[in-house]
Amino acid sequence: MRLLKLNLLVLFVLLMATSCQKDESFTSEEANYSIDLNLANENDWDLANEILVLVNEHRATLGLTPIEKDPQFASAYAVDHSNYMIEQNRINHDNFGVRVKALKDNGAETVAENVAYGYNTAEDVVNAWLNSEGHRGIIEGRYTHSGFGVIRTDKNTYYFTQLFYRK
């Protein structure tokens, strides 16, 4: 019984540590939202680049085209959201509609995002996403570009936002 409770607790924590959202099921908030493109410089680009390699390796096994990194615009929005999640001390998709509108105003046709926290390696976060049907669906989706918000807190915990879009 104790092992069952522990397994249920682990499953609950795993489910709470990742989340995904597609713009098809989300309405855009009305906002005049601009972004400081320099936010993209706050990214842990080493870890973000590793995530992109793993995502593209997975896509290649399915015959899908690789996703290109958007190192500035989408990444600035992703960093902004990761910083917001750190301030809130929880993962979420708050204000996702603002990110969708900004990316669509910049030429995106469709937008989705995966978020997570608490993982320390690219392999761990990508494996968590691939083991979740919703997240895997986004990774395997018809997207062409991706922006990253990989931010480490002062407590050495990572928060992840990966924005996907198709141009």
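Residues numbered from 1 in each chain as written. Predicted model: local features only at pLDDT ≥ 70, side-chain atom pairs only at ≥ 80, totals over all residues. Heavy atoms only, no water.

The protein goes by Cysteine-rich secretory protein family protein in an unreviewed UniProt entry, where it is assigned to Ulvibacter litoralis.

Draft legend 1. A look at the nonpolar core. With 25 residues, the main nonpolar core has Ile51, Val125, Trp129, Phe148, Val150 and Phe160 as its most contacted residues. Elements that contribute at least two residues to this core include exactly helix 2 (45–61), strand 3 (110–117), helix 5 (122–130), helix 6 (133–139), strand 4 (145–152) and strand 5 (158–166). Setting aside anything within four residues of it in sequence, one finds Val150 in contact with Glu42, Asn43, Asp44, Leu47, Ala48, Ile51, Tyr158, Tyr159 and Phe160. (Core = buried A, V, L, I, M, F, W, Y, C linked by side-chain atoms within 4.5 Å. Buried < 20%, exposed > 50% of the residue type's maximum accessible area, 1.4 Å probe, protein only. Helix = DSSP H or I, 4+ residues; strand = E, 2+ residues; numbered from the N terminus. Contact = heavy atoms within 4.5 Å.)

Draft legend 2. Examining the pairing of strand 5 more closely. Burial of strand 5 is extensive: 9 of the 9 residues sit out of reach of the surface. Burial along strand 5 is two-sided: Tyr158, Phe160, Gln162, Phe164 and Arg166 facing one way and Tyr159, Thr161, Leu163 and Tyr165 facing the other are all buried. Of the strand pairs in this sheet, strand 3 and strand 5 are connected by 8 bridges, and their pairing is antiparallel. In the sheet register, Glu113 faces strand 5, and the bridge partner there is Leu163. Pairing of strand 4 with strand 5, which is carried by 8 bridges, proceeds in the antiparallel orientation. Across the sheet, the residue bridging to Gly149 is Thr161, located in strand 5. Counting the residues in the hairpin turn of strand 4 and strand 5 gives 5 residues, including Asn156, whose phi is positive at 60 degrees. (Pairing = 2+ DSSP bridges.)

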